[in-house]
Amino acid sequence: LLDDRHGIRNPQDRDFQVRKAEQVVAFAGQTSRLLTIFLGIVAAISLIVGGVVIMNIMLISVGERTQEIGLRRAVGASQRDIERQFRAEALLVTLIGGAVGVGLGVLVAFVLPMVTQVPAAFSWLAVLLAAVFSVAVGLIFGVQPARRAARLNPVEALRTE
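None of these values were measured; they are calculated from a predicted model. (Residues numbered from 1 in each chain as written. Predicted model: local features only at pLDDT ≥ 70, side-chain atom pairs only at ≥ 80, totals over all residues. Heavy atoms only, no water.)

**Q** Would you mind showing me how to read the side chain of Asp-3 here?
**A** Tracing the chain through its elements places Asp-3 in helix H1 (residues 2–6). A distance of 2.8 Å separates polar atoms of two side chains, one belonging to Asp-3 and the other to Arg-14. (Helix = DSSP H or I, 4+ residues; strand = E, 2+ residues; numbered from the N terminus. Polar contact = N/O pair within 3.5 Å; in protein donor to acceptor, adjacent residues only side chain to side chain.)

This is the structure:
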């Protein structure tokens, strides 16, 4: 019928395509899977970059507070105490960053539908996952600076300026 209405005699000259609903659903599913993989890769790279930034911030903090660390060690703080302090600081920095990120995400989720025709949904599971990953990044990337701070020699640390 379409060939007759379009005046097509040779099937190779068709200027249209016929697709079944199953083909459209399969294509949408494949596109969704590829988009999920791509976003997962972007998120993983973002987490690694964020972790490296946290680690660098904490290493700079250790370098600037060498005398403080030496003084704490000289008055009785153990290596474990120093390590816990710097791990807690790394955790706090990542939690603050995670909270800011979640806050901005929630804000965008509420403002976006008002400004555009793009629907947005809010998920407590996403907030929970953001908090968990924030804590994980802080704990994982805070280990190296915390260990470096804990291993400082108190006498050498107090000599630095």
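Structure shown, so let's carry the discussion forward.
**Q** Sorry if this is basic, but what is going on with a nonpolar patch on the surface here?
**A** Taken together, the side chains of Leu-92, Ile-96, Val-100, Leu-104, Leu-107, Phe-110, Val-111, Met-114, Val-115, Phe-122 and Trp-124 define a hydrophobic patch exposed on the protein surface, amounting to about 1,200 Å² of accessible area. For the nonpolar patch, the leading source of residues is helix H4 (residues 79–115), giving nine residues. As for its position among the elements, Met-114 is in helix H4. (Patch = residues over 30% accessible without salt bridge, like charges linked within 9 Å, V, L, I, M, F, W, Y side chains within 5 Å. Areas by Shrake-Rupley, 256 points an atom, 1.4 Å probe, with all protein chains shown as cover. Salt bridge = Lys/Arg side-chain N within 4 Å of Asp/Glu carboxyl O.)

**Q** Is there a simple way to think about the layout of surface pockets in this case?
**A** Over the atoms rolls a probe the size of a water molecule, and its path tells where empty space is left. Its boundaries defined by the atoms lining it, the largest pocket holds a volume of some 520 Å³. Lining the largest pocket are 23 residues, with Leu-47, Gly-98, Ala-130, Phe-133 and Ser-134 sitting closest to its centre. Secondary structure elements with two or more residues in the lining of the largest pocket: helix H2 (21–64), H4 and helix H5 (124–141). Tallied by class, the residues present in the lining of the largest pocket amount to 14 nonpolar, nine polar and no charged. (1 Å grid on protein atoms, 1.4 Å probe; cavity = no way out; pocket = protein on both sides within 12 Å on 5 of 7 lines; lining within 4 Å. Points joined across faces, edges and corners; volume = space filled by probe spheres on them. Nonpolar A, V, L, I, M, F, W, Y, C, P; charged D, E, K, R; others polar.)

**Q** Help me out: how do you make sense of H5 in this one?
**A** Structural remark: α-helix, 3.6 residues per turn; residues separated by three or four positions point the same way. The end-to-end C-alpha separation of H5 is 26 Å, in line with the 26 Å expected for 18 residues at 1.5 Å each. Listed in full, the buried residues belonging to H5 are Ser-134, Val-137, Gly-138 and Phe-141. All buried residues of H5 project into a common sector of 95° when viewed along the axis, lining one side. Relative to its buried face, H5 has exposed residues pointing more than 90 degrees away, namely Trp-124, Leu-125, Leu-128 and Ile-140. Two to three positions downstream of the cap, the backbone nitrogen of Leu-125 sits 3.2 Å from a side-chain oxygen, assigning the N-cap of H5 to Ser-123. (Expected span 1.5 Å × (residues − 1). Buried < 20%, exposed > 50% of the residue type's maximum accessible area, 1.4 Å probe, protein only. Arc of directions from axis to C-beta.)

**Q** I tried to follow H4 on my own but got confused; where do I start?
**A** With 37 residues, H4 extends 53 Å from end C-alpha to end C-alpha; this agrees with the ideal 54 Å at 1.5 Å per step. Regarding H4, the residues found buried are Ile-82, Glu-83, Gln-85, Phe-86, Ala-90, Thr-94 and Ala-109. Those residues of H4 hidden inside the fold are in contact with H2, helix H3 (66–74), H5 and helix H6 (143–150). (Contact = heavy atoms within 4.5 Å.)

**Q** Is there a simple way to explain the nonpolar core in this structure?
**A** Here is a general trend for soluble globular proteins: nonpolar side chains tend to be buried in one another's company. Among the nonpolar cores identified, the biggest contains 11 residues, and these are Ile-54, Met-58, Val-62, Ile-69, Ala-77, Ile-82, Phe-86, Ala-90, Ala-146, Ala-149 and Ala-150. For this core, the secondary-structure elements that each account for two or more residues are H2, H4 and H6. Apart from residues lying up to four places away in sequence, Ile-54 is in contact with Ala-90, Val-93 and Thr-94. (Core = buried A, V, L, I, M, F, W, Y, C linked by side-chain atoms within 4.5 Å.)

What is shown is where atoms sit, not what they do.
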